[in-house]
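Chain by chain, the residues:
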Amino acid sequence: ADVEGKIKKQSGGHGQYAVTQLRVSPAARGEGSEFVDSIVGGSIPRNYIPAVERGVTEAMAAGGLHGFPVVDVRVECYEGKYHSVDSSDMAFRNAAAHGLREALKEAGTLVLEPISRLTVTVPAGLQGDVLSDLSPRRGRIGNTSVLDDGRHSIVAMVPEAELTRYVLDLRSLTGGRGSYEVVHDHYDALPGPLVAKVTKTGPNGSRPAT
């Protein structure tokens, strides 16, 4: 999205004036966010550029369209305007934050959810039950193997949200004879039908938007 963030207020004495032209684009997943200063010719004085970057950073941290922190975004400030009297750091911070919010509205966002690497170990004969249980949890099976003691090991990628009761469910499924390990692996896009449910129940810092 290519947007203009503008602050123009006059209420007696010094006013507030700042204009930032921002070009916002996605970065690669997990790459992190980047601010690029492409201002030439003094359209925004150099001493105000840190305020522009801070406004962008603060707007990302405050949350995107769905209320989650924004990640993996490239923001380029390439043009702007200032006033010799009414411009200030605060004006440029607010203008940049406003511009970023407008860009997110125009371009749209993805809600990401944390994906865990789940390793389940169960006695022979219970592998099928575990595999059947992982399917409705949106689990993606990576591999299965037979250990030296005859037990079966199952490795799968499963959304963290689907594992909140797994210790109890696995115990019930295997009669207490199964064990598991789980570690965070990566983030992935939350399916569209679930986005409304997540945003309806409220933001969770572990589910950023990109």
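A separate point is the pattern of salt bridges. In this structure the tally under the stated criterion is 15 salt bridges. The residue R74 makes a salt bridge to E34 at a minimum N-O spacing of 3.8 Å. Here R74 is found in strand β4 (residues 73-81), whereas its partner E34 is found in strand β3 (residues 34-37), with 40 residues between them in sequence. Here R74 falls in the partly exposed class, since its relative accessible area comes to 29%. The class of E34 is partly exposed, set by a relative accessible area of 40%.

This part is about a nonpolar patch on the surface. Nonpolar side chains collect at one region of the surface, where V167, L168, Y180 and V182 lie side by side and expose about 300 Å² of accessible area between them. Counting through the fold element by element, L168 comes out in helix α4 (residues 166-174). Take L168: its relative accessible area is 41%, and that puts it in the partly exposed class.

Here the focus is the sheet that holds strand β6 (residues 140-146). Taken together, four strands build an open sheet; the order of strands is β6-β7-β5-β8 and the sheet is antiparallel. Each edge of the sheet is formed by a strand with only one pairing partner; in this case those strands are β6 and β8 (179-189). Here the average twist between neighbouring strands, direction ignored, is 15°. Examined bridge by bridge, strand β5 (residues 112-122) and β8 share 10 bridges and lie antiparallel to one another. The residue bridging T121 from the neighbouring strand is S179, located in β8. Against the sheet, helix α3 (residues 127-134) makes contact with β5, β6 and β7 (152-159), and its axis sits at roughly 5° relative to β7, the strand it touches most.

Thresholds, definitions, all that
Residue numbers run consecutively from 1 along every chain, following the written order of its sequence. Totals for whole chains, interfaces and linings use all residues, but because this is a predicted model, local features are given only for residues with pLDDT of at least 70 and pairs of side-chain atoms are given and counted only at 80 or more. Remark: hydrogens and water are excluded; side-chain values derive from all non-hydrogen atoms of the structure. Any Lys or Arg side-chain nitrogen located within 4 Å of an Asp or Glu carboxyl oxygen qualifies as a salt bridge. Secondary structure elements follow DSSP: runs of H or I of four or more residues count as helices, runs of E of two or more count as strands, with numbering from the N terminus. Under the scheme applied here, a residue whose accessible area is under 20% of the maximum for its type counts as buried, over 50% as exposed, and between as partly exposed, the area being computed with a 1.4 Å probe on protein chains only. Distance thresholds for patches are 9 Å for like charges and 5 Å for nonpolar side chains (Val, Leu, Ile, Met, Phe, Trp, Tyr), applied to residues having over 30% relative accessible area and no salt bridge. Using the Shrake-Rupley algorithm and a 1.4 Å probe, accessible areas are obtained, with residue cover drawn only from the displayed protein chains. Think of it this way: DSSP has to see at least two bridges between two strands before they count as a pair. Between the N-to-C directions of two axes lies an angle of 0 to 180 degrees, each axis being a line fitted to C-alpha atoms and, for a helix, fitted only over the stretch in contact. By definition in these notes, contact holds between two residues if any of their heavy atoms fall within 4.5 Å.

Nothing here speaks to function; it is geometry throughout.
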